[in-house]
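Structural characterization, general
Spelled out, the chains give:
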Amino acid sequence: MNRLRCLLDRTSWYELRRLQSSSSVSNSKIKIPARIQRDSTDILYALESTIPKDFINLSYVYHDDPYLYPLRKIDYRNRALSYEAGKKAAIWIHKEHGDLFPKHLSDPEIEAFKPPLMYTEKSQVSEEILLYTISKRMVSDALHIYKLLDSNVSNETKQLLLELLCFYNHETAAQNNLHLEQWFVISQDTHIWQYTSEINELFGFLVKQDSLTAAAAYNVMICGLTKHLRTAEAWALYQKCEEENIPLNITTYNYILWLIPDIFGHKNELKIENLFNIINIINKKRVKPNVKTLNNALNVIRVTNVDNKREIAKRFLMEFKRLNIKFSLASYYYIMNIFTGNNKEGHDNFLQILHSIENETFNIQDPIDLKFFKHAMYLASIFNDREAGDKIHKSFLAKDNYKFIATAAIENAYYSSYLMLVLSTSTIEEFFKFYENLIPNVFVPSKRILTGIIETFKYNSSPHLMKYIPRLWSDINTYCLIEPSTKFILLRLIQIDILPADSVLRTDLVNIAWDCWNMIQKEIKKERYTAIENAVTACIAIILLHGNRVEESIKVMTYTVKESNVFLPTMNEKQVNELFNNYIFKKCIEGAFLILEYSVNSGFPHIVEMATKLQKLSVFTNVDRQRLIDLVGVEALNSLDTEKTS
Amino acid sequence: MSLIPYMRSIFQISQNNVTRRHLHISTVLNKSRAGRYRPKPKIVQALTYEMANPPHYIASRKSWNSWNTSNVKDGNRPSETLVEDLFIRNFIQGTWHGLFLSEIIIKRQHNIIRIAGIINRKMMPGQIHFLIGYTEQLLSYWLHCPIRMELSSVPSKDVVYKYI
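Since we're looking at a predicted model, the values are computed, not measured.

Before going further, it helps to spend a moment on the nonpolar core. One finds Phe457(A), Ile540(A), Leu614(A) and Trp96(B) to be the most contacted residues of the largest nonpolar core, which totals 220 residues. Counting residues per element, this core draws most heavily on helix 25 (residues 505-525) of chain A, at 11 residues. Not counting the four nearest positions on each side in its chain, Phe457(A) is found in contact with Leu423(A), Ile428(A), Phe431(A), Phe432(A), Leu465(A), Leu472(A) and Leu493(A).

So, in C-alpha cells, the structure goes:
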C-alpha cells in the first residue's frame, strides 16, 4: 500500500513539473533570432568545418598512385604543368577544329563546352557579337571581328576594344583559366606589347573625337603603356595630357605614380618632387584618391634614398587615414619596408604593424598585396622573433588569407623563412614536431631549405638529433637531388655509440652509412668527380663497426687504404685510434692491419703502440707476424720484443 | 474471317522455318560464346580477372563496366549513353595506345563522367599526366560535361589472374 502511495506521489510530482514547464513556455515570448545573411557557399564551409583536418591529404591535381604521385619538388611542377599542357593541347584542337565537335548536346546549353564560333564574312558579325567577345576577354577574336566590321562600330565599342587591347594585350593564361601555369610559372613577358598598329589606329581615331571620348582614350592608353613597361611613351603621353589639360581619372594617376621610379632612376629629389607634383594635381582637380594611390606613393618613397623619407611616409599615411581610406596589405608591405630597419626601433615598428593587421579582413586590391606575408615572415626571421612569426602564420591561415600566396615561388620563400625562424628559436624536438606537421603535406621543401637545415646542424652534437637523422636522410633523398657534400655533413652527425645497444635506430643509421658508401662508389666511377675525403669513409667504417657489420667496414677500409689516390687524406688521429681500438676489441686482425698500414703510410705516431696491441691479440699468428714485419720493419718489432723481454 | 489476311503471313513464316536449314541453332553451334575465353592449342593466354570470369558471373564475381542509370525505368538517354560509352572506349584505346591493362570502366554520376582503369608503367609519369589532361579536356568538349580520369598503375604482369 505504501509502495502504491509512493508511486502515486511520484506521478503527481512529475505531472506538476510538466505543467510548470509548459506554463513557463507559454508565458515567455518566442523570440525569432535575427536573420543572418549567408553566402551560397556558406553551407559548404560549415560542413567542411565539421571534418577534422587531414594531415596526409594529397593535392587533387596529381593522381593518387605511387607511380604517378610526385615525390621530388621538381616533379610537382613538371607533372602539374604536363597536366595543363595536355589541357592546352585539347583546347587548341577544340579551337582549330570546332566544326568537328557537337554543338547542341547540352541542355541547357553550356557556353564553355561549345566550340568557338568562326566568323569569315561581314554578314555573320555585328557590333553585339563584338561586344560579347570583348566581355569574354578574347583579344584576337575581338580584333578579327572588328576588322570584319571594317572598323564600322560606335565610339563606345572602340573605346572598349582599346581598353581590352591595353589591359589584356598578350595574356592567354588568364583567358584559359590555366591556374597551375599561373602558380608555377613566373611570367616574364610583361614587356610584350602586341597589336601596336591596331592600338595606334584606334587611339588616333578616338583622340580626334569629342573631348570626353578623347580623354577616356588618353587615360586607357597611359594605363596600358605603363602596364606593359613602355615607361617613356607613357610618361610623354602624361606630359601631353597635362599640357593640354586633359582630365585623367584616379586609375591613370595611380599608374603615373607607379612610373616615377622607372622614369627618374637614381635622381632622388626629382622623384619626391614629382610625387608631390602629382599628388597636388590630384588634389587640385578634386579627384578622389584610393588605396592604390597611397600604395604607389609609398612605393616611390620606398625606393627613394632621402633622409626624411619616414616623415614623408608618415604624412601620407596620416593624410590617407583622414580621408578614411582602408589600407590594403600592400600598404602595410610598404610601411614595413620603410619603417623597419634592422634595429630595435625597426623591430618595435614591425610588431606594431603586425598588431594593427590582427583580426582584420583583407581583400586583394593591389598586386603587391601578395608580397605582404612573404615579406613579413622574412622580417620575423631576420628579427628572430618566433612569437611574431607564429602570429603571422596564424593570420595567414585564418579565413581565406591563403589567397595572398599566389605563386609557388612566394610560397617557397614564405615557408623557407618560417622554417628557418622555427629552427633558430626552438629545441630540436620542437623543430622536428613542426617539421613533420608541415612537410610534405602542406609544403614540399626545396633543395636550398633542406641544405640550410642540415648546415645549421653542422656543429650540433646533441644526442637528441639521432632520432631525426633517418627522417632527414629520407627527405633529402626524396625531395631533391642534393650534393654529396651535404649528405656527408648529415653522415658525420651520426653518433651511433651513444645509442643503447637495443635501439631500433641503430639499424637505420647503419643503413644510412651503407647507402652513403654505395653512393661514394658510384661517384668515384664517374669520369669527373670531386675528390672525397677519407675522413668520410672512416666515419662510415666506424658506424658500420658499431653496428656489428665488420665485414662491410673492412670492405670500406680496404678500398680507402688500397685506393688512397682517389681520396683526400683528411682522416684524423682520433678516427684512426677509434677504428683501431674497435677492430682490436672485435679481434679483427684484418681491419687492424688496414688501419696500421694507413697509419704507416700517413706517418701517424703511435705505430709502435699499435703494433704492440696487435701482437697481444690471441688470434695473432706467425703469418701475421711476417706481415707486421713487412709493415713496420724488423727494428720496430725487435725493439718491441726487447721491451717485452726486459 | 477478318483474321485470314494476318494468318497468311504467319503461315509464310512457318513455311520459311521449315525450308531453311538454320545452322546457327543446330546443337553444335547453339552455344553461348561471347565473353568466354577457351584454351587454344600451342598458345598460352594470360587472362585478367575480368576476362577469366564469363558474363554470367557479372554481379556475383565481377562487376559492370558501365555504371549509369539510363536503363532503369524512365532512365535518361539510354541509346545516347551507349553510343557515348562506345566512343569513350574507342577514344581511350586510341589515345592511350597499349597502356590500358584492364577494361575501361565508365561511371556516370549526376553530370560527371568518371573513367577508371588500370594502366601499365610504360610511359613516364609526366607523359601520363599530359594524357590525363588532354583526355579530360577533349572528352569534356565532346560530351559537354566534366570528365575525371581515375587511374591506377601497375607493373605489367600484375593484372594476370590466370593462364590458360
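Once that is clear, we can look at empty space enclosed by the protein. Residues and elements named next belong to chain A. The tally for this structure, following the rule as stated, stands at one cavity of 30 Å³ or more. Lining the largest cavity are Glu573, Val576, Asn577, Ser599, Phe604, Pro605, His606 and Met610. Tallying contributions element by element places helix 28 (residues 573-585) first for the lining of the largest cavity, with three residues. Broken down by class, the residue content of the lining of the largest cavity amounts to four nonpolar, three polar and one charged.

Take the interface of chain B and chain A next. Taken residue by residue, the interface counts 29 residues in chain B and 29 residues in chain A. Between chain B and chain A the total buried area reaches about 2500 Å² when both faces are included, carbon and sulfur atoms providing 67% of it. It is His129(B), Tyr141(B) and His144(B) in chain B that bury the most area against chain A; as a group they hold 33% of the surface buried on that side. Across the contact surface, chain B and chain A share zero salt bridges. When contributions to the side of chain B that touches chain A are tallied by element, the ones reaching two or more residues are helix 4 (125-143) and strand 5 (147-153) of chain B. In terms of residue count, the dominant contributor to the side of chain B that touches chain A is helix 4 of chain B (15 residues).

The next thing to look at is the packing of helix 13 (residues 268-284) of chain A against helix 15 (residues 309-322) of chain A. Residue and element names in this part refer to chain A. With their axes 13 Å apart at the nearest point, helix 13 and helix 15 run at an angle of 15° to one another. Here helix 13 is positioned roughly parallel relative to helix 15, judged by the angle of their axes. Crossing of helix 13 against helix 15: the hand is left-handed. The segment helix 13 lies against helix 15, with Ile272, Leu275, Phe276 and Ile279 engaging Ile312, Arg315 and Phe316. Broken down by class, the residue content of the contact of helix 13 with helix 15 amounts to six nonpolar, no polar and one charged.

So, about a nonpolar patch on the surface. All names here are of chain A. Taken together, Ile43, Leu44 and Leu47 make up a surface patch of nonpolar side chains, about 320 Å² in accessible area. Its location among the elements puts Leu44 in helix 2 (residues 42-49). Exposure remark for Leu44: the relative accessible area of 53% places this residue in the exposed category.

Another aspect to go through is the packing of helix 10 (residues 211-227) of chain A against helix 11 (residues 231-243) of chain A. Any two packed helices are characterised by the angle at which their axes cross and by the distance between the axes. All names here are of chain A. Where helix 10 contacts helix 11, the two axes come as close as 8 Å, and the packing angle between them is 155°. Of the possible angle classes, the one that applies to helix 10 and helix 11 is roughly antiparallel. The handedness of the crossing between helix 10 and helix 11 is left-handed. Taking contact as the criterion, the partners of Tyr218, Met221, Ile222, Leu225 and Thr226 in helix 10 are, on helix 11, Glu233, Ala234, Leu237, Tyr238, Lys240 and Cys241.

Conventions we followed
Residues numbered from 1 in each chain as written. Chains lettered and ligands numbered in written order. Predicted model: local features only at pLDDT ≥ 70, side-chain atom pairs only at ≥ 80, totals over all residues. Heavy atoms only, no water. Core = buried A, V, L, I, M, F, W, Y, C linked by side-chain atoms within 4.5 Å. Buried < 20%, exposed > 50% of the residue type's maximum accessible area, 1.4 Å probe, protein only. Helix = DSSP H or I, 4+ residues; strand = E, 2+ residues; numbered from the N terminus. Contact = heavy atoms within 4.5 Å. 1 Å grid on protein atoms, 1.4 Å probe; cavity = no way out; pocket = protein on both sides within 12 Å on 5 of 7 lines; lining within 4 Å. Points joined across faces, edges and corners; volume = space filled by probe spheres on them. Nonpolar A, V, L, I, M, F, W, Y, C, P; charged D, E, K, R; others polar. Buried area = accessible area lost by both parts, 1.4 Å probe. Salt bridge = Lys/Arg side-chain N within 4 Å of Asp/Glu carboxyl O. Axes fitted to C-alpha atoms, helices over the stretch in contact; angles between N-to-C directions. Parallel < 35°, antiparallel > 145°, perpendicular 65-115°, else oblique. Left-handed = near helix turned anticlockwise from the far one by under 90°. Patch = residues over 30% accessible without salt bridge, like charges linked within 9 Å, V, L, I, M, F, W, Y side chains within 5 Å. Areas by Shrake-Rupley, 256 points an atom, 1.4 Å probe, with all protein chains shown as cover.

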